[in-house]
Amino acid sequence: MSLAAYCVICCRRIRTLTPPPKSTTYWRDIRNLIKFTGSLILGGSLFLTYEVLALKKSLTLDTQVVEKEKMKSYIYVHTVSLDKRENYGITYQARKELHKALRKVLATSAKILRGPFADTFSTVDVEDHECAVWLLLRKSQSGDRAARLQAVQEMSETHHWQDYQYRIIAQACDLRTLIGLARSKESDLRFFLPPPPLPSLKEDSSIEEELRQLLASLPQTELDECIQYFTSLALSESSQSLAAQKGGLWCFGGNGLPYAESFGEVPSATVEMFCLEALVKHSEIPTHCDKIEANGGLQLLQRLYQLHKDCPKIQRNIMRIIGNMALNEHLHSTIVRSGWVSILAEAVKSHRIMEASHAARTLANLDRETMQEKYQDGVYVLHPQYRTSQPIKADVLFIHGLMGAAFKTWRQQDSEQVLTEKILEDEASYTTCWPKTWLARDCPALRIISVEYDTSLSDWRTRCPMERKSIAFRSNELLRKLRAAGVGDRPVIWVSHSMGGLLVKKMLLEASKKPEMSTVINNTRGIIFYSVPHHGSHLAEYSVNIRYLLFPSLEVKELSKDSPALKTLQDDFLEFAKDKNFQVLNFVETLPTYIGSMIKLHVVPVESADLGIGDLIPVDVDHLNICKPKKKDAFLYQRTLQFICETLAKDLEN
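Keep in mind the model is a prediction, meaning the values are calculated, not measured.

A. Inspection of the overall build of the chain at higher detail. On a plain count of helices and strands, the chain comes out with 27 helices and 11 strands. Residues counted as buried form 46% of the 654 residues belonging to the chain. Here the contacts in the chain between residues at least 6 apart in sequence split such that 75% fall between residues at least 24 apart. Of the roughly 34400 Å² of accessible surface on the chain, a fraction of 56% belongs to carbon and sulfur atoms.

B. The arrangement of the pattern of salt bridges in detail. Using the criterion set out here, one finds 17 salt bridges in the structure. Lys 374 is the salt-bridge partner of Glu 329, the closest N and O atoms lying 3.6 Å from each other. Of this pair, Glu 329 sits in the loop between helix 15 (312–325) and helix 16 (332–337) while Lys 374 sits in the loop between helix 18 (353–366) and strand 3 (379–383), and the two are 45 residues apart along the sequence. You can call Lys 374 partly exposed: its relative accessible area is 25%. Residue Asp 395 is joined to Arg 447 by a salt bridge in which the shortest nitrogen-to-oxygen separation is 2.8 Å. Within this pair, whereas Asp 395 is found in strand 4 (residues 394–399), its partner Arg 447 is found in strand 5 (residues 446–451), the two being separated by 52 residues in sequence. Arg 447 matches Asp 395 in its accessibility class, with the two residues each being buried. Among the charged side chains, a salt-bridge network with shared partners connects Arg 183, Asp 367 and Arg 387.

C. Highlighting the sheet that holds strand 11 (residues 615–619). Read across the sheet, seven strands follow the order 3-5-4-6-7-8-11 without closing on themselves; strand pairing throughout is mixed. Two strands bound the open sheet, and with one partner strand each, they are strand 3 and strand 11. Across this sheet, the average inter-strand angle for adjacent strands is 20 degrees, counted without regard to direction. Pairing geometry for strand 3 and strand 5, over four bridges, is antiparallel. If you follow Val 381 over to strand 5, its bridge partner there is Ile 449.

D. Broad picture of empty space enclosed by the protein. All told, the structure shown has two cavities of 30 Å³ or more when counted by the stated rule. Lining the second largest cavity are Ser 140, Arg 148, Leu 149, Val 152, Arg 176, Thr 177, Gly 180, Glu 369 and Arg 387. Every element with two or more residues in the lining of the second largest cavity is listed here: helix 6 (145–156) and helix 8 (175–182). The class makeup of the residues in the lining of the second largest cavity is two nonpolar, three polar and four charged.

E. View of the packing of helix 21 (residues 471–484) against helix 22 (residues 499–511). Two elements in contact, helix 21 and helix 22, have axes whose closest approach is 8 Å; the angle formed by their N-to-C orientations is 70 degrees. Taken together, the axis directions place helix 21 and helix 22 in an arrangement best described as roughly perpendicular. When the axes of helix 21 and helix 22 are compared, the crossing they make is right-handed. Residues Ile 471, Ala 472, Arg 474, Ser 475, Asn 476, Leu 478, Leu 479 and Leu 482 of helix 21 lie in contact with helix 22, whose contacting residues are Met 499, Leu 502, Leu 503, Lys 506, Met 507, Glu 510 and Ala 511. Tallied by class, the residues present in the contact of helix 21 with helix 22 amount to 10 nonpolar, two polar and three charged.

F. Geometry of the environment of His 497. With respect to the helices, strands and loops of the structure, His 497 is situated in strand 6 (residues 492–497). As for His 497 and Phe 587, which are separated by 90 residues in sequence, their C-alpha atoms are 9.5 Å apart. A distance of 3.0 Å separates a polar side-chain atom of His 497 from the backbone oxygen of His 623.

G. Structural context of unusual backbone geometry. Of note, the amide linkage connecting His 383 to Pro 384 takes the cis form, showing an omega dihedral of -10 degrees. When you line up the elements, Pro 384 lands in the loop between strand 3 and strand 4. In this structure, Ser 498 takes a positive phi of about 55 degrees despite not being glycine. Tracing the sequence through the fold places Ser 498 in the loop between strand 6 and helix 22. Phi angles above zero are rare outside glycine, and Ser 531 is one such case at about 45 degrees. Turning to its location among the elements, Ser 531 is positioned in the loop between strand 7 (524–530) and helix 24 (554–557). Residue class for Ser 531 comes out buried when judged on its relative accessible area of 0%.

Cut-offs applied
- Residues numbered from 1 in each chain as written.
- Predicted model: local features only at pLDDT ≥ 70, side-chain atom pairs only at ≥ 80, totals over all residues.
- Heavy atoms only, no water.
- Helix = DSSP H or I, 4+ residues; strand = E, 2+ residues; numbered from the N terminus.
- Buried < 20%, exposed > 50% of the residue type's maximum accessible area, 1.4 Å probe, protein only.
- Contact = heavy atoms within 4.5 Å.
- Areas by Shrake-Rupley, 256 points an atom, 1.4 Å probe, with all protein chains shown as cover.
- Salt bridge = Lys/Arg side-chain N within 4 Å of Asp/Glu carboxyl O.
- Pairing = 2+ DSSP bridges.
- Axes fitted to C-alpha atoms, helices over the stretch in contact; angles between N-to-C directions.
- 1 Å grid on protein atoms, 1.4 Å probe; cavity = no way out; pocket = protein on both sides within 12 Å on 5 of 7 lines; lining within 4 Å.
- Points joined across faces, edges and corners; volume = space filled by probe spheres on them.
- Nonpolar A, V, L, I, M, F, W, Y, C, P; charged D, E, K, R; others polar.
- Parallel < 35°, antiparallel > 145°, perpendicular 65-115°, else oblique.
- Left-handed = near helix turned anticlockwise from the far one by under 90°.
- Polar contact = N/O pair within 3.5 Å; in protein donor to acceptor, adjacent residues only side chain to side chain.

And the structure:
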């Protein structure tokens with residue numbers, strides 16, 4: 001305004017003055033023009049200087065404030081003023097256009113000098129210390145798979161970021177990146193947001209009742225007999241427990257005697273266990289998984305998991321259900337959104353091998369970026385449980401026997417003294433699973449898998465009374481699961497204990513009859529048998545003397561020495577193994593085993609453990625400890641390791 005007024009006054013002075021002589025007038029006009037031009041240039045320069053300083057001031061941040069803001073755990077977004085008055089006026093519009101032009105100049109120079117600001121991020125204002133975060137995020141969403149894997153690896157190996165930077169990744173990364181971070185060994189747990197708040201329970205309801213309603217909502221027709229058994233058992237026990245909570249049973253139109261006094265109250269945890277076992281069976285059916293998800297099962301199971309942190313058995317069954325649901329790829333996004341990945345990422349780092357292995361199975365089923373295999377219920381990867389750059393060159397499979405399990409069968413031999421919790425946590429002193437702890441370290445190029453299936457000595461103690469599965473039935477079931485896990489795609493060594501060895505023999509014979517299973521046969525290099533009753537066991541002969549074996553299970557009956565099925569299996573496999581030139585190593589116990597507190601029995605005698613090919617090595621232990629080395633340097637483990645390394649020598653070298 002002052003500049004315009006000055007120009008007007010100068011013009012008026014020029015007009016009102018009396019005309020001087022011609023030469024004087026000429027120089028006076030030049031001086032006035034110089035004054036006017038100089039004033040215009042000076043005023044414009046001052047205006048531009050003011051605007052540049054104002055822009056610089058608006059772009060300058062207080063570093064102390066920035067440092068404080070870094071410590072906060074959320075992402076900031078640019079806001080627009082809600083005051084509409086600021087959007088009016090020529091001055092505002094002029095300043096806006098000027099700032100926009102200067103920003104373009106700055107962006108262009110940054111693009112030339114610092115290359116990284118390209119494509120999507122060329123329009124984003126990023127501080128220097130945040131470049132790495134956003135560039136890794138962009139790289140993790142690249143169309144190039146190798147670039148995505150490298151970005152996830154770099155994220156997992158970063159440990160110097162501030163808390164807010166981990167939270168940026170946690171909120172901005174996609175499903176694929178999040179699962180990759182969960183399966184990376186060195187990942188910081190700050191990459192994972194806590195699960196979203198769970199919906200509140202319905203009024204006048206309990207978790208047990210919600211579980212019962214979830215189970216009742218699943219289809220009940222055309223089910224396997226065992227699924228029907230577990231479902232009916234869970235629903236009946238739930239009903240009884242609910243009656244106890246309500247104060248008694250209703251009978252003859254009135255309130256009966258208090259349930260807890262007349263029949264005994266069913267513990268809530270027991271009822272929940274019944275429901276979970278039924279849900280495990282249902283979750284093996286893909287359509288039932290959809291029903292579980294649609295009826296809020298993911299959130300309900302998460303609530304139960306957090307409620308029973310001191311009950312590993314309940315948590316493991318919940319993990320089994322989530323792992324089965326993860327076999328269905330269309331449910332992956334729902335599982336991730338419900339917050340399960342953060343729980344799994346923490347569980348897989350647990351020092352408890354069982355908890356870590358259940359979580360690793362579920363994450364492997366979720367990870368379709370690096371995994372083609374799918375691990376069905378009962379198939380657990382002991383090594384590697386994370387993404388690894390170590391090439392896997394062969395598989396070693398562990399198959400337990402009667403009354404065994406995927407983990408406890410392969411633990412270190414129990415010490416005579418009571419082991420303290422401190423020793424249990426120290427894998428150097430004691431391991432609850434030597435294949436994972438010892439073998440994985442000695443042979444990192446192996447994939448180590450352990451298989452679990454239900455067995456029982458007596459029909460009285462079976463988990464499902466209708467479940468009378470023969471060796472032939474179980475072998476087909478396990479063979480199908482193992483093939484889905486990619487067994488047969490690389491060289492294989494089978495390690496078995498007791499009845500597990502009979503399953504291995506039957507699986508290989510069945511695979512030889514199926515063209516789609518030919519790779520399993522062609523890639524089988526060798527078999528280790530720990531006290532396998534190739535010619536039968538004394539166990540079935542003692543059934544009338546042992547209270548647990550008054551009604552021996554089908555598995556025990558098949559182990560009797562006069563079993564025709566067992567003799568046919570032995571003859572067929574011996575001929576088959578010789579033809580395929582399988583390498584074989586046999587161990588056998590020499591000490592009797594205590595069954596119960598009264599009976600001492602030599603379960604597998606030396607003559608029965610002799611397959612007919614391969615070395616037969618007697619060991620001074622009983623039937624339970626034949627597969628449990630005392631120490632890492634014990635003969636039992638060192639001979640096993642030697643056999644594996646020698647049999648796979650050519651494969652591991654390639």
